[in-house]
Amino acid sequence: QAQLVESGGGLVQVGGSLRISCSTSGSIFSASTMAWYRQAPGKQRELVAAAGRFGGTNYADSVKDRFTISRDNAKNTVSLQMNSLKPGDTAVYYCHAHGVRVFGGPYDYWGQGTQVTVSS
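Residues numbered from 1 in each chain as written. Predicted model: local features only at pLDDT ≥ 70, side-chain atom pairs only at ≥ 80, totals over all residues. Heavy atoms only, no water.

Quick word on the packing of aromatic side chains
Where two aromatic rings form a pair, the distance of their centres and the angle of their planes describe that pair. With the rule as written, the count across this model stands at 3 aromatic pairs. The aromatic ring of Tyr-94 is capped on one face by Arg-45, whose charged end is 3.7 Å from the ring centroid. Its guanidinium or amino end placed over the ring of Trp-110, Arg-45 lies 4.6 Å from that ring's centre, counting from NZ or CZ. (Phe/Tyr/Trp six-rings, centres within 6.5 Å; stacked < 30°, edge-to-face > 60°. Lys NZ or Arg CZ within 6 Å of the ring centre and 35° of its normal.)

Next comes the structure, spelled out in structure tokens:
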């Protein structure tokens, strides 16, 4: 089971910024689409942003133009820069890795989650 280690998160005021990061092993990172999901209390987990192995990115409509996902291939780290934060961004944010093994089929790994709270 791969380990995804998240860092960052915390409490921020409306309109503020926060950066969360996730690191994993080089073998997992280089082979995976890396993504951030979030889950607010009483709601389903939803995709926030994803970054493919070759640079493509996609975002949920609710965070476009405010959040930026980036990969640091040298550090095997994916980060999410969150700007202009709103109370609706409050959730537990989860790092996710998805790929396909050469022998063994697809895999999905999750981080433990990091809390982001936006206060008004």
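Focus on unusual backbone geometry
Not every positive phi belongs to a glycine, and Asn-76 is a case in point at roughly 55 degrees. Here Asn-76 lies in the loop between strand E7 (67-72) and strand E8 (77-82). For Ser-84, which is not glycine, the phi torsion reads 50 degrees and is therefore positive. Given a relative accessible area of 42%, Ser-84 falls into the partly exposed group. (Helix = DSSP H or I, 4+ residues; strand = E, 2+ residues; numbered from the N terminus. Buried < 20%, exposed > 50% of the residue type's maximum accessible area, 1.4 Å probe, protein only.)

Some points on the nonpolar core
Generally speaking, soluble globular proteins have nonpolar side chains that are buried together. Within the largest apolar cluster, 30 residues are counted, with the highest numbers of intra-cluster contacts made by Trp-36, Val-48, Phe-67, Val-78, Leu-80, Met-82 and Tyr-93. Counting residues per element, this core draws most heavily on strand E9 (residues 91-101), which supplies 4 residues. Those residues in contact with Leu-80, other than ones at most four positions away along the chain, are Leu-18, Arg-19, Ile-20, Trp-36, Val-48, Ala-49, Phe-67, Thr-68, Ile-69 and Tyr-93. (Core = buried A, V, L, I, M, F, W, Y, C linked by side-chain atoms within 4.5 Å. Contact = heavy atoms within 4.5 Å.)

Focus on the sheet that holds strand E1 (residues 5-8)
In spatial order, the strands read E1-E3-E8-E7; together these 4 strands make up an open sheet with antiparallel pairing. Only two strands of the sheet have a single partner each, and these edge strands are E1 and E7. Shown here is a sheet whose adjacent strand axes are inclined to one another by a mean of 15 degrees, direction ignored. In the sheet, E1 pairs with strand E3 (residues 18-23) via 4 bridges, with the strands oriented antiparallel. Along E3, the bridge assignment pairs Val-5 with Ser-23. (Pairing = 2+ DSSP bridges. Axes fitted to C-alpha atoms, helices over the stretch in contact; angles between N-to-C directions.)

A short note on the side chain of His-96
By the secondary structure assignment, His-96 is in strand E9. Side chain to side chain, His-96 and Asp-108 meet in a polar contact 2.8 Å long. Once residues within four sequence positions are removed from consideration, His-96 is found in contact with Leu-4, Thr-33, Met-34, Ala-35, Tyr-37, Asp-108, Tyr-109 and Trp-110. (Polar contact = N/O pair within 3.5 Å; in protein donor to acceptor, adjacent residues only side chain to side chain.)

Quick word on the pairing of strand E4 (residues 33-39)
When E4 meets E9, the two strands line up antiparallel, connected through 7 bridges. Considered in E9, the bridge of Ala-35 is made with His-96. Alignment of E4 against strand E5 (residues 46-51), held across 5 bridges, turns out to be antiparallel. Across the sheet, residue Ala-35 finds its bridge partner in E5, namely Ala-50. What sits between the antiparallel neighbours E4 and E5 is a turn of 6 residues, in which Gly-42 has the positive phi angle 75 degrees.

What to know about the pattern of salt bridges
Tallied over the entire structure, the rule returns 4 salt bridges. Its salt-bridge partner being Lys-64, residue Asp-61 comes within 3.2 Å of it at the nearest N-O pair. On the accessibility criterion, Asp-61 (65% relative accessible area) is exposed. Overall, the relative accessible area of 43% leaves Lys-64 in the partly exposed class. One network of salt bridges, in which partners are shared, links Arg-38, Glu-46, Arg-66 and Asp-89. (Salt bridge = Lys/Arg side-chain N within 4 Å of Asp/Glu carboxyl O.)

Purely geometric numbers; function is a separate question.
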